[in-house]
Every structure is written in structure tokens, then in C-alpha cells.
Amino acid sequence: KVQHSSAIKKKKGRRYCCGYPISIFFIVVNEFCERFSYYGMRAVLVLYFRYFLLWDDDLATSIYHAFVALCYLTPILGAIIADSWLGKFKTIIYLSIVYAIGQVTMAISTIHDITDANRDGTPDNFTFHIALSMLGLILIALGTGGIKPCVAAFGGDQFQEHQSRQLNTFFSVFYLCINAGSLLSTLITPLKSVASTLMVFIAGSGMYVKTDPEGNIMWSVCKCIGFAIKNRFRHRSSSYPKREHWMDWANEKYDKLLIAQIKMVLKVLFLYIPLPMFWTLFDQKGSRWTLQATTMSGDFVSILISTVNPILILTLVPIMDRLIFPLIQKCGLNFSPLKRMTVGMLFAAMAFVSAALVQIEIDKTLPNFPSSSESQLKVVNTYSTTLNVTISPNEHLLIESFGSSADYVTFDHQDITVSLNTNPVITKAFSLIKGGRQTLIIPSDPTVMRDFVLRHGEQWCEFSRKFGFGASYTFLIPSTVFSDDCESITEVEDMKPNSVHMALQIPQYFLITTGEVMFSVTGLQFSYSQAPKNMKSVLQAGWLCTNAVGNIIVLIVAELGKLPKQWAEYLLFASLLVAVSIIFSIMAYFYTYIDPAEIEAQVRKEQGLEPEEMEKETLEMEEKDEDQKNEQGVKQTKI
Ligand SMILES: CC(C)C[C@H](NC(=O)[C@@H](N)CC(C)C)C(=O)O
């Protein structure tokens, strides 16, 4: 009772603005700064691996995905610390310090002068830099992941039970801040942002509602589940009467309230099983879709593509919240949170169908590369006259001087003989590389061959033309050329530039972001509303874990190899998500929404704890009155 009254006393310090507790301002600004720091660092991480640590593409991508997965696994640790030991407020403070140390460690690891004794611009001891950066990344993952479930749940704690509308708006604004932070971080450098994150959070210290942790709750949960399983196994004979729920087998030893709370959490966690599939598709934005963009044309659009998701979130969240959802409600349709999440999944599946269609368009324009048993050859003629080139047995090409064969010629054998109609006729045998592309250059006259560098010292030729994305060229430089006759240099296009414009990716980004708003924002709210009071952070962590599992699936899929056609892989993922969303909708159909506070009150009542409950209710009523007075006070002051 003493502990309870002290919690209520703290609640009485609440201050309001427009019906919202002022304390949430500090929490959303804190989230904005944290995401600014996280995404700013993440944006340059692969580049750091690739160009500073000199790792290859595969290693850089794998470590990057492993880091992202770790960031969404550590929430479990943060939630356990918060709900069982330190409480959310202190956990956020301590883990933010760990986060800041991680960022500083990471920053130090990028200073090559530390080990560059000979000052040649490259570090002398890569092991030192790798070890330091890995330590930094682990600390960052611990910090960012650890505080993530606590910040969302701590924000939710600032509201009272009758403020469910404000609570939903809070989660939407919270999501907006995540994306505003990430958007800004791609535009400006995230300098000192972890320090600001911490300072903003501490600034609101006096205004927060801080609920105390209830002992080592996770340990009690594990012991209770373990006991229920053991007890069920001991009474497996059919002579024992069945119990309504398998957790009821813990009734003999554990508190009914704890059992009821575990049941609530398990019910939601079970519902989460199919959800990682959504994130598997969502997270391919950063890998497969980015690779798809590299085979497309468009300069400035590439910047837009990297920021299109947060920009769309900033526009779609208010549109959905203020227009679409109320409109659906007005039409008398019950668009419950789980239905929204199912529709969100279907949107993500549609995004992948759109990606497949774009891929089919791209494939039409991509060069036809040789299969592993074929070889391809292009012939370039730098001879002074047009030549008739015969490639055995029956390929005849007419190539004018300083020109090339129209395209690569494909052979299903490797040994060829090339004959030229020069005087005398020249014939030469070649062995081509299997599965490769080669160019055969017919020299002008081997005796007068000379080197020419396109831009070097005295001799240079400037090309003002723009080279297309993805194209490849060969320059034919006559042996007689000097800097004043650049015109005689001929350009042969080996590979055509990409011609499918990046703007075609916008529909798939629009669809996946619409899906994200329906799925992710709703999932965040749902996880908070369905969790018992003492396990709010744990359920937030469970929700974030679905993202970690999704990322791990991406890693496995990338390692296992791909289908021969990329568009087929996109369609496969889309169909998998449709199948998963059907399973999820069936599970959702059988899920009954609960009010955890009401269930807890009911169990307490059954346990004969009415007096305390009544006292709490009375206190809450008093508090509600006081809050209303507060709100009116604010309004009157405004008037
Ligand atoms: C697991 C998530 C809820 C991740 C969430 N991401 C987003 O909101 C993205 N739209 C951001 C974008 C820049 C990829 C987060 O908390 O970062």
C-alpha cells in the first residue's frame, strides 16, 4: 500500500497541455534525437566497412545486417532490466550512456592517424580498428535496442486509462518523430545527437510518471511457466481433470494475478509468430530494392529514393489518422488493429508485385549476358579500312574502320578462328573464356602502335558528354592522334546505359510505406494496449524482436542464394506474405481484445483484494478530477 500511494503521488505531478501530458514532449524529442543519431550512423556504416576497413561487399553487407538484427534483439535485455530491476526511467538514462560511449568508441575507430605511424594515409593496424569498431557497434546495439522498448512504453505510461484516444495519437506522433529524425540524419551529420538525446530526456525528469519495477518479474515469469509445464507433465494421465489453460497448472504454487498476466503476454506473443515475414519484405528495401535502383537511370531521384520512406511516413500517418481511419469508421466498418495489420501485410505484398513488374521492365533492357556454358565476343576495328570479319564456322561481320560489331556475338563453344579480308588475309585462332564477355581489337598497324592516355600531362582530350548509368565504353584512339585532334577518337558503346527510370520504384515505396503505417504504427499501439502493466516493455521488446527475426531471414535468404530471375524472387516473397497474412487473419479472428487493467482488477477481486482496488479506484477518480481541473486551468489561462 505504501508503494502504491507513492506511485500515485508521483502521478499527481502531471502537467497538461491541450489534453496531453507535457512530459511526452520530452519523450518524443528524445526519440527524434535518438533515431537521428542511429540512422545517421547506419547510413555510412557499409561505406565505413567497405572503404575504411577494406572489407568486400559480402562481408560488409552481412555484418551490417547482423548489426541491425542485434539492435532489434537487445530490446529484450532492456525490457528485462526496466520491468524487473531499474524501472524504465533509469534504464533509459543508463543505457543512453552506454549508447553514447559506443558512438564515441565508433568515432575513435575511424581515426586512422591512431595507428598510421608512417603517415601514408592508411591505418597500419587494421585489427585495432576492427576490434574498436566492433566494440562500438555492440555498445550502440545495446544502447539503441535496450532503450527502444522502454521509451515507447514509458511514453504510454504518461497517459491514464481514460485517455486511449490521446494514447493512440501519441504512438502516431512517436512514429512521426522516428522518421523525422531519420530523414534529417540523411541530410545533415548526426553530430553530438546522443548527448542531446540524453539531455532532452533528463530535462523532463520532474514531469514523468515513473512506475516502479516489481522485482525480478522475468525470473518469476520463467519459473512460473517452467512449473506449469512440469506440473502438466506430472499429471498427464487422463484421470486428472483438464484445465482451461495449460498455464492453470501453475495454480498450485503461483499467484493467480501473475498467471493471468503471463496468459495475456503469451496470447499476444503467439499472435506475433507470423509477423517477421512482414519485416523480411520490408527490410529488403535497403538491400534488393537498392540494388534494383542501381540498374535504373535517374540522377537526383537516387537521393529521393533513399529518403522516400520517411517522407511518405510523415505524410501518410496524419492522412491515415485524421482522414482514412475516421472515414472507414464513419462507413460503419470495424477496422480493428489486427485487421489493419493484415491489410498492412497485403500492401507490402502488393509492393513486391510492383517491384517484380519493374524488374521485368528492367530485364528487357539489360544486356543478355552469357550463360555459364556460353562465351561472348565483340569485335572492334581500328584498322584503316572497313573489314569483313569471319568467325568460324559461320559468323560474318562487316565492321567499318573505327567501328565495332553491333553487339556481342554469343558462341556455345570456346575455340574460334577469326579471318580478316586484309591483304594478305589474316587468320588467327582464339580460345574464349566460358561464361565471359571479351572484346577482340583489330589493331591499325602493329608497327606504329602507341599509347595514349585520355587525360595525362600534355596530351589530353576532354569529353563533355555524360556517360549513362550502368554503361560501358571503349575508346578507339588512332596512332596519329594529338591533343588538337580529339575528334578522331571514337567511342564504342560496350554496354547500353540503364534506361528504366528510378521513378518507377515510387509505387512500390508508396505501397510498402502504406503497409508500414497500417502494420507498424498499429503494432506499436497494440503491443502497449494488450500488455499487463508490469510487462509493457517486455511486450514492446517482443514486438521489436519480430523485426530482428525478419532481418535474420533476409540474411539467410541472401546466403542461400537466389532464384534465377529476380522478378520471380519478388513474386515468391509476395505470395509468401499473402499466405502468412491469411494465417495471421485466422489467428486474429480468434483473438479477443482485452483490457489488461480490467482483468488484473478482476483477479485481485477474486483474490479478495477489493479494499486495495477500491482505494486505487478512488485515488484514480480523485486524480482524474484533478487532471480535469488542471486541463481547465490550462484552458482558462489561455482564454
Ligand atoms: C521496427 C521499426 C518500427 C523500425 C522503425 N523504422 C521506421 O520507422 C522506418 N520507416 C524508418 C526508415 C528510415 C527506414 C524505427 O523505429 O526506426
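What you are looking at is a predicted structure, and each value in this text was computed from that prediction instead of being measured. (Residues numbered from 1 in each chain as written. Predicted model: local features only at pLDDT ≥ 70, side-chain atom pairs only at ≥ 80, totals over all residues. Heavy atoms only, no water.)

This part is about the site of the ligand. Of all residues adjacent to the ligand, which total 14 residues, the nearest are Tyr39, Lys148, Asn179, Asn309 and Glu516. A distance of 2.8 Å is found between an oxygen atom of the ligand and a side-chain nitrogen or oxygen belonging to Arg35. In this structure, an oxygen atom belonging to the ligand sits 3.3 Å away from a side-chain N or O atom of Tyr175. Contact with the protein chains hides 92% of the accessible area of the ligand, taken as 460 Å² for the molecule alone. Those elements that place two or more of their residues in the shell around the ligand are α2 (23-52), α7 (164-187) and α15 (506-529). With four residues, the top contributor of residues to the shell around the ligand is α7. For the shell around the ligand, a count of residues per class yields five nonpolar, five polar and four charged. (Near = heavy atom within 4 Å. Polar contact = N/O pair within 3.5 Å; in protein donor to acceptor, adjacent residues only side chain to side chain. Areas by Shrake-Rupley, 256 points an atom, 1.4 Å probe, with all protein chains shown as cover. Helix = DSSP H or I, 4+ residues; strand = E, 2+ residues; numbered from the N terminus. Nonpolar A, V, L, I, M, F, W, Y, C, P; charged D, E, K, R; others polar.)

What follows deals with the sheet that holds strand β8 (residues 415-420). One open sheet accounts for four strands, arranged β5-β4-β8-β9; its pairing is antiparallel. Across the chains shown, the open sheet's two edge strands, defined by having one partner strand only, are β5 (395-399) and β9 (426-431). Going from strand to strand, the sheet's axes swing by 20 degrees on average, the running direction of each strand aside. Where β8 and β9 come together, six bridges link them in antiparallel fashion. Looking across to β9, one finds that Val418 is bridged to Lys428. (Pairing = 2+ DSSP bridges. Axes fitted to C-alpha atoms, helices over the stretch in contact; angles between N-to-C directions.)

In this model, the chain carries a mean pLDDT of 83, and residues with pLDDT of at least 70 account for 84%. The model gives residues 611-615 a pLDDT under 50, and that stretch makes four contacts with residues more than four places away or in other chains. Residue range residues 632-639 is modelled with pLDDT below 50. Its contacts to residues more than four positions away, or to other chains, number two contacts. Interface confidence for the predicted complex, given as ipTM, is 0.96, next to a pTM of 0.79. (pLDDT = per-residue confidence, 0-100. Contact = heavy atoms within 4.5 Å.)

A grouping of Lys223, Lys230, Arg234 and Lys253 is seen on the molecular surface, where their side chains present a positively charged patch. Tracing the backbone through its elements, the reader meets Arg234 in helix α9 (residues 217-234). A relative accessible area of 53% places Arg234 in the exposed class. (Patch = residues over 30% accessible without salt bridge, like charges linked within 9 Å, V, L, I, M, F, W, Y side chains within 5 Å. Salt bridge = Lys/Arg side-chain N within 4 Å of Asp/Glu carboxyl O. Lys, Arg positive; Asp, Glu negative; His and termini not counted. Charge placed at Lys NZ, Arg CZ, Asp CG, Glu CD. Buried < 20%, exposed > 50% of the residue type's maximum accessible area, 1.4 Å probe, protein only.)

The next point concerns the packing of helix α14 (residues 337-365) against helix α17 (residues 566-589). Following both chains from N to C, one finds α14 and α17 inclined at 170 degrees, their axes separated by 8 Å at the closest point. Between α14 and α17, the angle falls in the class roughly antiparallel. Considering only residue class, the contact of α14 with α17 consists of 21 nonpolar, five polar and one charged. (Parallel < 35°, antiparallel > 145°, perpendicular 65-115°, else oblique.)

All right, on to the pattern of salt bridges then. Per the stated rule, a full pass over the model turns up seven salt bridges. With a closest N to O distance of 2.8 Å, Glu34 and Arg35 form a salt bridge. Assessed through its relative accessible area of 2%, Arg35 is described here as buried. A salt bridge links Glu569 to Arg288; the nearest nitrogen and oxygen atoms lie 2.8 Å apart. Here Arg288 lies in helix α12 (residues 288-293) and Glu569 lies in helix α17, a separation of 281 residues in the sequence. Neither residue differs from the other here; Glu569 and Arg288 are each classed as buried.

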